[in-house]
Amino acid sequence: MSTHPLQQVLQHLHAGRWNAAHDLVQHDGSMLAAWLHGILHLQEGDLEDAENWYDRAARHFRSRGTLAEEIAAFEAALTASDTSDPNERI
C-alpha cells in the first residue's frame, strides 16, 4: 500500500518543520491539500491566509475546531481518501 503524498506534509507539521510542510503542500492542487495548507497557516497564526485556503478547500473556516481537532479531522479524511477512489477529491 502506498503512502499518500500528504502524509509527508503531516510528518513535517508534527515535527514542527512548517517551512518544509508548506513547501510540499503547495505542489498539490487537491482540496485535501488546500485544507492542510489552511491548517498550516492556522498553526502559524496567519488567520487571513488560513481562511483563504479553507475557502479553496470548501471548508467552513469560522466553524472549524481547534488546531488539534482540525489535524485529527484531516488525518481521518486522509485515511478515508486512501481507501476510496484515488481520483476523488474531498
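Please read all numbers here as calculations on a predicted model, not as lab measurements.

As a further point, take the overall build of the protein. A tally of regular secondary structure across the protein gives five helices and zero strands. In the protein, the succession of helices and strands from N to C terminus is α-α-α-α-α. Residue burial in the protein is summarised as follows: out of 90 residues, 36% are buried. In the form shown here, the protein has an accessible surface area of approximately 5,500 Å², with 48% of it arising from carbon and sulfur atoms.

Contact pair helix H2 (residues 18–25) / helix H3 (residues 31–44): the axes reach a minimum separation of 10 Å and the direction vectors enclose 155°. Classified by the angle between their axes, H2 and H3 sit roughly antiparallel to one another. The crossing of H2 and H3 is left-handed. Of H3, the residues touching H2 (which contributes Trp-18, Ala-21, His-22 and Val-25) are Ala-33, Leu-36, His-37, Leu-40, His-41, Gln-43 and Glu-44. Its residues assigned to classes, the contact of H2 with H3 comprises six nonpolar, four polar and one charged.

Now for the pattern of salt bridges. Summed over all chains, the structure comprises one salt bridge. Notably, a salt bridge pairs Glu-51 with Arg-62, separated by 3.4 Å at the nearest N-O pair. Of this pair, Glu-51 sits in helix H4 (residues 47–56) while Arg-62 sits in the loop between H4 and helix H5 (67–82), placing them eleven residues apart in sequence. Judged by its relative accessible area of 24%, Glu-51 falls in the partly exposed class.

This part covers the packing of helix H1 (residues 6–14) against H2. Axis angle and axis distance: for two packed helices, these are the angle between their axes and the distance between the axes, and together they describe the pair. Where H1 contacts H2, the two axes come as close as 7 Å, and the packing angle between them is 160°. One element, H1, and the other, H2, form an angle in the roughly antiparallel class. Note on packing geometry: the crossing formed by H1 with H2 is left-handed. Within the contact between the two elements, H1 uses Leu-6, Gln-8, Val-9, His-12 and Leu-13 and H2 uses Trp-18, Ala-20, Ala-21, Leu-24 and Val-25. A per-class count over the contact of H1 with H2 returns eight nonpolar, two polar and no charged.

Parameters at a glance
- Starting from 1, residues in each chain are numbered consecutively following that chain's sequence as written.
- Since the coordinates come from a predicted model, pLDDT governs what is reported: local features require at least 70, and pairs of side-chain atoms require 80 or more to be given and counted, while whole-chain, interface and lining totals use all residues.
- To get the side-chain values, take all heavy atoms of the structure and skip hydrogens and water.
- Numbered from the N terminus, helices here are DSSP runs of H or I no shorter than four residues, and strands are runs of E no shorter than two.
- For every residue, the accessible area obtained with a 1.4 Å probe (protein chains only) is divided by the maximum for its type, and the residue is called buried under 20%, exposed over 50%, and partly exposed between those limits.
- Calculation of accessible area relied on Shrake-Rupley with a 1.4 Å probe; when residues are assessed, cover is drawn exclusively from the protein chains displayed.
- Here the axes come from fitting lines to C-alpha atoms, over the contacting stretch only for helices, and the angles between their N-to-C directions go from 0 to 180 degrees.
- To sort the angles, those under 35 degrees are grouped as roughly parallel, those over 145 as roughly antiparallel, those from 65 to 115 as roughly perpendicular, and the leftovers as oblique.
- The handedness criterion is simple: a crossing whose near helix is rotated anticlockwise from the far helix by less than a right angle is left-handed, and one whose near helix is rotated clockwise is right-handed.
- Residues count as neighbours in contact if any of their non-hydrogen atoms are within 4.5 Å of one another.
- Think of it as three bins: nonpolar holds Ala, Val, Leu, Ile, Met, Phe, Trp, Tyr, Cys and Pro, charged holds Asp, Glu, Lys and Arg, and polar takes everything else, Gly as well.
- The term salt bridge refers to a pairing of a side-chain nitrogen on Lys or Arg with a carboxyl oxygen on Asp or Glu at a separation within 4 Å.

These values are about where atoms sit, not about what they do.
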